[in-house]
Every structure is written in structure tokens, then in C-alpha cells.
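Examination of the molecular architecture
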Amino acid sequence: MTKLTIHEIANMAGVSIGTVSRVLNNRAGVHESTRTSVLEIVRRVGYVPDAGARKLARGERGLIGIAPFSTHAASSPYFSILLDSIQEVLVAQGYAGRVLEPEHTDLDKVNGFIVPGIFMDDSRLTLLRERGVVTSVIGRAEGEVWVSVDNAGGMTRVMQHLVKLGHRRIVHLTGSPIGQETFDRLEAYHNALSDAALPELPELVLDGKFTELGGYRAIRAALEQGLTFSAVAAASDEMALGTILALQDAGLRVPYDVSVTGFDGLPYFDFLEPKLTTVRQPIRELGRAAAVRVMAQLEGQTPQKQMPERQTTEKQTSERQNLENLTLPTELMVRGSSGPVPRSRG
């Protein structure tokens with residue numbers, strides 16, 4: 001009988017090899033039902049990792065930290081997809097990927113970091129740069145190796161879609177504009193209003209904290225305060241879901257009374273009725289590209305500990321300039337949650 005590989009176990013379970021690796025090593029970050037399913041397959045087929053698979057699972061080529069943007073981000077559906085795609089690439093090449101915070105990590109024990117989501121002035125990047133830690137950033141970051149998505153283009157298309165439907169009072173549900181991606185989407189919202197000769201009203205920009213609950217509370221409070229609007233352009237699918245729930249609780253129908261759009265294209269929300277109009281971003285491709293970029297730097301770099309600090313900084317700067325940064329396209333998915341403006345709410 002041909003011996004099965006970790007890749008075949010992953011295919012049988014319908015998960016990534018990163019997920020199988022986490023199960024075999026009893027690590028966190030795996031849903032209990034998935035863990036049970038993988039272990040049942042392993043038991044049923046009698047799978048025993050060979051030396052190569054054990055080496056991959058242990059990450060003997062090095063440890064890569066993955067730093068979430070916030071506590072909420074670390075448990076969000078978006079980050080779950082991103083983390084799985086990153087670890088799939090890392091594990092396949094013999095690296096271990098773990099969720100770590102640079103400020104609370106012994107950086108001498110980490111080979112590199114992937115930073116998904118950055119602040120406008122991100123102290124984490126400053127720390128990693130000063131310590132000579134190879135870094136790959138998800139989000140535009142000057143002087144760093146980065147991969148991002150077309151946030152501005154995605155939000156622009158959402159706004160053009162809503163304006164074409166006749167909407168004039170459009171709420172933008174955002175988070176505090178301290179993150180680069182948040183700022184890009186907010187700026188695109190304002191630019192789209194300007195392009196359509198619509199007034200930019202501060203009261204229509206609400207802080208939904210990038211969570212379902214935050215979106216719910218922001219819209220519920222706006223309705224209670226008498227704010228009028230015919231559409232909500234949320235900067236995330238989670239906030240869009242919170243918006244729909246708040247509108248429904250207030251007796252309003254989507255999209256007949258208020259249109260709602262999201263941003264992310266999360267598969268978890270395909271159950272919504274009506275289906276959510278959203279901007280789909282290639283989350284898995286984003287994670288894979290970030291993993292490839294951190295490994296590309298590691299494989300062409302002399303270890304930081306063997307070089308004087310000044311030489312390390314200069315070498316890293318040169319390598320960063322030689323690695324092409326990447327902006328992945330986004331796609332507007334028009335579905336049932338957006339429709340023509342009702343005459344009473346334009």
C-alpha cells in the first residue's frame with residue numbers, strides 16, 4: 001500500500017496542510033469539528049508522518065511570526081482565512097507560522113514576521129526594522145516589502161454603484177481611521193462624493209469598529225438620533241451584517257428601505273438574505289503572496305546575528321527594493337442588498 005502524505009491527508013479532509021499540521025501538533029487555531037475530522041481520517045488510514053513531514057510540521061527551517069492588527073482581528077473570519085493561507089505556504093516550505101505580537105516576542109528566536117494590517121505610524125514595523133527582522137507587510141508600507149489590495153478602487157466602485165441607483169445620503173461605516181486600509185477606503189468614499197457633486201457630511205461617517213456588534217450599535221444609534229440615509233457603505237462585511245440586523249430590528253427592509261454594501265467577500269456571509277452586495281478581495285491570494293515575500297527575503301539573506309547592525313540594515317533595504325510590491329485587484333459583487341433609492345429616503 002502506498003504511504004499517504006500530509007498533502008493527501010489535507011485533500012481527504014478538505015483542509016489546508018497548514019490546518020493538518022496544527023492538528024498533528026495539537027496547536028490552537030483549529031475549529032473543534034475540523035480537528036475531530038482530521039484526527040478521524042488520520043486514525044482510519046493509519047497515517048504516520050515520515051521524517052520529512054515531521055520536519056515540515058515542526059518548522060525546522062524557521063519560525064515566522066504573524067502579527068494581527070488587533071485583538072478582534074485575530075478572531076475575525078477575515079483573519080482566519082488569511083492565517084490559513086499563510087500557514088499553508090509556510091508549512092509546505094518547512095517553516096512554522098505562529099500568531100505573535102512583536103512587542104511581546106523574543107525576536108532573537110523569530111526568523112521573520114508577516115504583519116497583516118498596519119497603523120498609519122506603526123511602532124511594530126519600527127521595532128522589527130530596528131532589530132533587523134525580515135518583514136512582509138499586508139498593506140501599503142513605505143520602505144517595506146508589502147502586498148495589498150485595491151482598497152480605494154473597491155470602495156470607489158461601491159460608491160459609483162450606489163450613486164447610479166440614485167442614493168444621495170450614503171453612510172460610510174468605518175473604524176477609527178488609524179489603519180492604512182481603513183484610511184484608503186474612507187478617502188475613496190469622500191472622493192466619490194466629490195466626483196458626484198454630493199456634499200461630504202461628517203455626520204454620515206460612523207465608527208463601526210470593524211465588528212458586527214460595532215456596526216449594529218452605530219446604525220441603531222444613528223436611527224434613534226433621527227439621522228436620515230438611504231444607503232450604508234460598510235468598510236467590512238462584518239459591519240454590513242451588523243447594519244442589516246440593526247435595520248431589521250428597526251422595522252426597515254433591505255434593500256427596499258435602505259441599501260447595504262460590504263467589503264471583503266467573506267464566504268461565511270453567503271447565507272444572508274438578501275445576498276450581500278460587497279467588494280470581494282482575494283484574501284487567500286493575499287496571504288500566500290505575503291508568505292512568499294517573507295520567505296524570498298530569508299532565502300537570500302545572511303542571518304542577522306552574523307552581521308553588524310548597520311550592514312544588516314543596508315542589506316535588507318537593498319533586498320526590499322529588489323522585491324516587487326504587489327496590489328491585488330478587488331471586484332464589486334452586486335447582489336440583492338442594494339437597490340434603487342426609495343423616494344421617501346433619498
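Now for a description of the structure that goes with this document. Everything quoted here is computed from the prediction, not taken from an experiment.

Parameters and conventions
- Residues numbered from 1 in each chain as written.
- Predicted model: local features only at pLDDT ≥ 70, side-chain atom pairs only at ≥ 80, totals over all residues.
- Heavy atoms only, no water.
- Pairing = 2+ DSSP bridges.
- Helix = DSSP H or I, 4+ residues; strand = E, 2+ residues; numbered from the N terminus.
- Axes fitted to C-alpha atoms, helices over the stretch in contact; angles between N-to-C directions.
- Contact = heavy atoms within 4.5 Å.
- Salt bridge = Lys/Arg side-chain N within 4 Å of Asp/Glu carboxyl O.
- Buried < 20%, exposed > 50% of the residue type's maximum accessible area, 1.4 Å probe, protein only.

Here six strands make up an open sheet; going across it, the order is β2-β1-β3-β4-β5-β11 and the pairing parallel. In this open sheet, the two edge strands, each paired with only one partner strand, are β2 (95–99) and β11 (326–328). Within the sheet, the average angular offset between the axes of one strand and its neighbour, ignoring direction, is 20°. As paired elements, strand β1 (residues 62–66) and strand β3 (residues 112–116) share three bridges and run parallel to each other. Note that in β3 the partner of Gly65 across the bridge is Phe113. The strands touched by helix α7 (residues 123–130) within the sheet are β3 and β4 (134–138), with β3 carrying the most contacts at an inclination of about 165°. Each of β1, β2, β3, β4, β5 (145–149) and β11 is contacted by helix α12 (residues 283–299), which is oriented at about 160° to β4, the strand it contacts most.

Here the focus is the pattern of salt bridges. It is possible for side chains of opposite charge to pair when their charged atoms get near one another. Scanning the model with the defined rule gives 10 salt bridges in all. Of the charged contacts in the structure, one is a salt bridge between Asp207 and Lys209, with a shortest N-O distance of 3.4 Å. Asp207 sits in the partly exposed class, given a relative accessible area of 33%. Here Glu224 and Arg220 are joined by a salt bridge, their closest N and O atoms 3.6 Å apart. On the criterion of helical spacing, the pair formed by Glu224 and Arg220 is a turn pair, its members being four residues apart in helix α10 (residues 212–224). Residue Arg220 is classed as partly exposed on the basis of its relative accessible area, which comes to 28%.

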